[in-house]
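Per-entry structural report
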Amino acid sequence: MDPDRVRQALEPVLGYPDSYSPGHDANYPCPFCVKEGRGKISHLHVNYTKGKAICHGCGWKTSNLRNLLLAVLGRVPRSLVVDDGGDGDFVEHIEAVLYGKAEERETVVQEPELPAGFVPLVGRPSDKVGKAVHRYLIDERAVPFDRLVEVGAGYCTEGALSGYAVFPVHVGGQLVTYTSRRVPTVRLNGPKVRHGAFGKSASTALFNYDNCVGCRRLIIGEGPFDAFALHRRLNPNHGGLASLGTILHKRHVRLIEALEPEEVVVCYDADAPDKAFKAAAQLASVGLKASVMTVEKDPDELSDEELCACYRARTLVDPELGAVESWGTEPRR
Ligand SMILES: [Zn+2]
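First, a word on scope: everything that follows refers to the structure included in this document.

Criteria and cut-off values
Residues numbered from 1 in each chain as written. Predicted model: local features only at pLDDT ≥ 70, side-chain atom pairs only at ≥ 80, totals over all residues. Heavy atoms only, no water. Axes fitted to C-alpha atoms, helices over the stretch in contact; angles between N-to-C directions. Helix = DSSP H or I, 4+ residues; strand = E, 2+ residues; numbered from the N terminus. Left-handed = near helix turned anticlockwise from the far one by under 90°. Contact = heavy atoms within 4.5 Å. Nonpolar A, V, L, I, M, F, W, Y, C, P; charged D, E, K, R; others polar. Donors = N, O, S within 2.8 Å, 3.2 Å for Na, K, Ca; no water. Tetrahedral: all angles 85-135°; square planar, octahedral: opposite > 155°, others 65-115°. Buried < 20%, exposed > 50% of the residue type's maximum accessible area, 1.4 Å probe, protein only. Pairing = 2+ DSSP bridges. Right-handed = clockwise from strand over helix to strand, strands pointing away.

Running from N to C, helix H1 (residues 3–14) and helix H3 (residues 65–72) point in directions that differ by 35°, and their axes come no closer than 11 Å. Taken as a pair, H1 and H3 cross one another with a handedness that is left-handed. Where H1 abuts H3, its residues Val-6, Ala-9, Leu-10 and Val-13 lie against Leu-65, Leu-68, Leu-69 and Val-72. Among the residues making up the contact of H1 with H3, the classes are represented as eight nonpolar, no polar and no charged.

Structure (structure tokens):
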């Protein structure tokens, strides 16, 4: 089992931890304590690398995360169980348990929509939440207002995402899903990130895709703030994308190919270098020129000069040989 895939399948059910570093435990409110109606809900500690989970409150534990998936399976949205060709038996297995055998299954097409209470962000919001979200995104996170307008960013004043900044994800003019960030000055509690219910095209979600049409180079980060910080920043021909995670699905790759970029640069967080090289190798395997750019901080925390230095030091990836060439002296362009 791919630890990232297991995590991707579980987190819509278990919630998103405020912090997670690969190899360490991720902590969630224990769903088994909840089921038992215990007065105090303990943490379910899940270690994706070791494939183990334990709750010290109710005592639920497993040394095979498949059991955890099966235990909470009834609540895993089908759209998140995407068959991308890898680990096929596992996908077949959980889909069969959930929905019956393939031939008996109906095709459910869920129309993606924005969350309840969504309000588009404007230049001078008049409401309290809008003002706070505006301040957070523009003053604190330094996102240019134009970038927010381009993606149709907004916020929620009510509903489950009340107090979240919401970033719709459009591909080919169609809303595919949305991602969001909790605005700490408006909402004190809740997961940092919440994604929309993915439609059928879950694995085609590339944030800021439509705004990258015509860009000669694409730089792919993990989340929306990466895409904002990379888009047209060093060069008007640089398109900033976010893969909303560190996995590139085949359909992502096809979408990227369709933009006919001269080069695709993968710029994932410093703690995911293997993922970045894997993603770049996937892109290179279909004939795209792909490279990896290493950053020590999030791109939005780097100055233009620092970002430029990282960009110039990027490493070209060969589909078979891995990293083969390092720039470093290439003139800025
Ligand atoms: Zn428990």
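Still to come is the rest of the account.
The next subject is the coordination of the zinc ion. The protein atoms that coordinate the zinc ion are Cys-30 (SG), Cys-33 (SG), Cys-55 (SG) and Cys-58 (SG), at distances spanning 2.2 to 2.3 Å. Here the zinc ion binds four donor atoms, and the angle range of 105 to 115° at the metal identifies the geometry as tetrahedral. Ordering the donors of the zinc ion by residue number gives the pattern C-x2-C-x21-C-x2-C. We note that Cys-30, like Cys-33, is buried.

Strand pairing in a sheet is mediated by backbone hydrogen bonds. Such pairs are either parallel or antiparallel. Pairing in this open sheet of four strands is antiparallel, and the strands run E5-E6-E7-E8 from one edge to the other. Since the sheet does not close on itself, it has two edges, and those belong to strand E5 (118–120) and strand E8 (174–182), each with one partner. The mean inter-strand angle of the sheet, taken between neighbouring strand axes irrespective of direction, is 35°. Bridge count between strand E6 (residues 154–156) and strand E7 (residues 164–171): two bridges; the pairing is antiparallel. Residue pairing for E7: Tyr-155 is matched across the bridge by Ala-165. Lying on the sheet, helix H5 (residues 128–140) is in contact with E6, E7 and E8; it crosses E6 at an angle near 130°.

The element strand E10 (residues 238–242) is extensively covered by neighbouring structure, given that five of its five residues are classed as buried. Alternating positions in E10 separate into two faces, His-238, Gly-240 and Ala-242 on one and Gly-239 and Leu-241 on the other, with burial throughout. Here strand E9 (residues 217–221) runs beside E10; their pairing, made up of five bridges, is parallel. Opposite Gly-221, over in E10, you have Ala-242 as the bridge partner. What joins E9 to E10 is helix H7 (residues 224–230), and the crossover it makes is right-handed.

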